[in-house]
Each structure stands twice: as structure tokens, then as C-alpha cells.
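Survey of secondary and tertiary structure
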Amino acid sequence: MAIERTHVGYATAAVAVAAIPLSFVGPESLRLAVVGLFLLAGPGTALVLLIRFGPASSTVAAGAIPLATALAVAVSLTLSTLVATAMIYTRLWAPPAGVCLLAVATLGLLAVDYRRTRTAPVEAR
């Protein structure tokens, strides 16, 4: 069973959208699961989808899944750490605002990738 890029993008967008209100209010266990999952993989997954490691139907792209997963987690944790460090440095500690900032950045990257995939076949003709 092949992993569809669009399904990964939709799942990432759903987690990003769900993380915004849950960063402010909600049951603690649900907040931990959704916001934790988002901070672990959200922004990095959006960036990895934007990078595109190869053609979607090739075996080379299927072999790049472990690399893409590792890169997504590493980039997400790096961005989360940079946002937290910037908030501490500026003395504006507000974790919900940091989650919202990362969610907006993630949705922006996903929108750019979605628009690029929708316009690519039209330009090829």
C-alpha cells in the first residue's frame, strides 16, 4: 500500500488546526497528545512535503520514507526549540502563542505545497 502525499498533507493540516485551540484550552490528555504530536512532526512534515524527495511513483521515493521521517522529526524539534528559545530571550513566554505560530507556519507551507501540486500538471501541458 503506497503512502499518498496528499493524505499526509491532509493529516498534518488536521493536526495543525486541532493544535491551535487545544494549545489554549481542553482536556489535558488530549492537549498532550495533539500538541505533542504536532510539535514532534508538524512543521517538519510540511517542509519535507514541500521539498519532495523524488517522483511519487518511483521506488526511490519509497526508499526515502525513513529519511523523510527522520528529517521531519528533526526539523520539527529544531523549529520548536528555536521558537521557545526566542520566547525566553525576548521574555515573552507564551507557549500557546508559540504553538499557534508554528501551526500558522505549517499551514502556510502546506498551502504552498498544495498550490504547487495543483498547478504543476497544468503547466506541463
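I will try to describe carefully the structure that is included in this document.

Reading guide: rules and limits
Residues numbered from 1 in each chain as written. Predicted model: local features only at pLDDT ≥ 70, side-chain atom pairs only at ≥ 80, totals over all residues. Heavy atoms only, no water. Helix = DSSP H or I, 4+ residues; strand = E, 2+ residues; numbered from the N terminus. Contact = heavy atoms within 4.5 Å. Expected span 1.5 Å × (residues − 1). Bend = angle between axes of the 7 residues up to and from the residue. Buried < 20%, exposed > 50% of the residue type's maximum accessible area, 1.4 Å probe, protein only. Arc of directions from axis to C-beta. Salt bridge = Lys/Arg side-chain N within 4 Å of Asp/Glu carboxyl O. Core = buried A, V, L, I, M, F, W, Y, C linked by side-chain atoms within 4.5 Å. Axes fitted to C-alpha atoms, helices over the stretch in contact; angles between N-to-C directions. Parallel < 35°, antiparallel > 145°, perpendicular 65-115°, else oblique. Left-handed = near helix turned anticlockwise from the far one by under 90°. Nonpolar A, V, L, I, M, F, W, Y, C, P; charged D, E, K, R; others polar.

As for the overall build of the protein
In terms of regular secondary structure, the protein is built from five helices and zero strands. Going residue by residue from the N terminus, the α and β elements of the protein occur as α-α-α-α-α. The long-range share in the protein, meaning contacts at least 24 apart out of those at least 6 apart in sequence, stands at 67%.

Remarks on helix α2 (residues 28–51)
Compared with the 34 Å implied by 1.5 Å per residue over 24 residues, the 34 Å span of α2 between its first and last C-alpha is a close match. Within α2, the axis deviates most sharply at L39, by approximately 45°, and proline P43 lies no more than four positions further along. V34, V35, F38, G42, P43, G44, T45, A46, V48, L49 and L50 are the residues of α2 that are buried. Count one or two residues on from α2 and you reach R52, which has phi positive near 60°.

Brief notes about the side chain of T45
In this structure, T45 sits in helix α2. On the basis of relative accessibility, which here comes to 14%, the residue T45 falls in the buried class.

A few points about helix α1 (residues 5–22)
In a regular helix each residue adds 1.5 Å, so 18 residues correspond to 26 Å; α1 covers 26 Å between its end C-alpha atoms and thus fits that length. When we look at burial in α1, the residues that qualify are G9, T12, A16, A19 and L22. Considered in projection along α1, the buried side chains sweep an arc of 160° and stay on one side of the axis.

Let's talk about the pattern of salt bridges
This model, assessed by the stated rule, comprises one salt bridge. The partner of D113 in a salt bridge is R116, and the shortest N-O contact between them spans 3.9 Å. Linking D113 with R116, this pair stays in helix α5 (residues 95–124), spanning three residues, or about one helical turn. A residue is classified by how much of its surface remains accessible, and D113, at 8% relative accessible area, is buried.

Some details on the side chain of T106
Following the sequence through the fold, T106 ends up in helix α5. Setting aside residues no more than four positions away along its own chain, T106 makes contact with T12, A16, F38, G42, P43 and A46.

Structural notes on the nonpolar core
A16, A19, L22, V34, V35, F38, V83, M87, V99, L102 and A103 together form the largest nonpolar core, which totals eleven residues. Going through the elements one at a time, α1, α2, α4 (65–89) and α5 are the ones with two or more residues in this core.

Here we look at the packing of α1 against α2
Across the interface, α1 lies against α2 with an axial gap of 8 Å and an inter-helix angle of 135°. The orientation of α1 relative to α2 falls into the category oblique. Crossing of α1 against α2: the hand is left-handed. Across from R5, V8, G9, T12, V15, A16, A18, A19 and L22 in α1, the residues of α2 making contact are L30, R31, V34, V35, L37, F38, G42, T45 and L49. Split into classes, the residues belonging to the contact of α1 with α2 amount to twelve nonpolar, four polar and two charged.

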